[in-house]
Amino acid sequence: RAEMATLEKDGLITQPHTSAGRVPTEQGYRHYINEMRQSDNKEYSDIQMDRVARIKNTKGAMDKVLRLLSTTSGDMTAFVVTPQSMRYAGLADMFQHHDFDTQEKVVRFTRIIENLPDFIQSLEFDNLGATKIFIGHENPYRFAQDFSTVVTCFALGASPCVIGVVGPMRMPYRKTVDLLDILAEEMGRGELLE
């Protein structure tokens, strides 16, 4: 109890209403992600690399990649934007999350996907290959401020391309980041883009 009280006092968790349990705040998620990034424990990398290797050189590899990314991230919406195409997967599955408890949230999220190029353009990348995580109000795109975005930018020839996921703040960040790191490297070599 004392630990929960301390976390709440520090703004890392909150109780949305009296009958609810405590959930992380945006600040709580950011603290977790910063700690995760410092540990740099790639515990899922070997499993993810094996999954990606099985997809390579198969028909419809890009669609399979997006489905893998969506399921790995906890049924978030996975997307990729290249000079040739813009695709996404997992939208219907994601709406099963209890986070979409109001029509307003569903509408806001749908606007993100309908305006995917604008959403991508709003994100800032320091350098290619670095996976970035935007939590809630860190998202510069106004319709995305109830959600989290995990995204990486890679070069395909001279063109920058983007792959990532967007969805509720509660997601398995470590697994998602590990998979995105692998995918960005493979896709930068021209793999998995069919």
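Scroll up to find the structure this text is about.
Residues numbered from 1 in each chain as written. Predicted model: local features only at pLDDT ≥ 70, side-chain atom pairs only at ≥ 80, totals over all residues. Heavy atoms only, no water.

Visitor: Just to check I follow, could you spell out the nonpolar core for this structure?
Guide: Within soluble globular proteins, side chains that are nonpolar generally end up buried alongside one another. In this structure, Phe109, Ile112, Phe119, Ile163, Tyr173 and Leu183 are the most contacted members of the largest nonpolar core, which totals 54 residues. For this core, the leading source of residues is helix H8 (residues 173-188), giving eight residues. (Core = buried A, V, L, I, M, F, W, Y, C linked by side-chain atoms within 4.5 Å. Buried < 20%, exposed > 50% of the residue type's maximum accessible area, 1.4 Å probe, protein only. Helix = DSSP H or I, 4+ residues; strand = E, 2+ residues; numbered from the N terminus.)

Visitor: So what exactly am I meant to see when it comes to the pattern of salt bridges here?
Guide: Pairs may arise between side chains of opposite charge once their charged atoms sit close together. Within this structure, the stated rule accounts for ten salt bridges. A salt bridge links Asp146 to Arg108; its shortest N-O distance comes to 1.9 Å. Of the two residues, Asp146 sits in the loop between strand S5 (132-135) and strand S6 (148-156) while Arg108 sits in helix H6 (residues 103-114), which places them 38 residues apart along the sequence. Assessed through its relative accessible area of 27%, Asp146 is described here as partly exposed. Residues joined by salt bridges that share partners form a network here, namely Lys56, Glu185, Glu186 and Arg189. (Salt bridge = Lys/Arg side-chain N within 4 Å of Asp/Glu carboxyl O.)

Visitor: Explain unusual backbone geometry here, please?
Guide: Most of the time, phi is negative for any residue but glycine, and the peptide bond is trans. The backbone phi angle of Asn57 is positive, close to 60°, even though this residue is not glycine. Its identity is not glycine, yet Asp75 carries a phi of approximately 65°, on the positive side. Checked against the element boundaries, Asp75 lands in the loop between helix H4 (61-72) and strand S3 (77-81). On the accessibility criterion, Asp75 (30% relative accessible area) is partly exposed.

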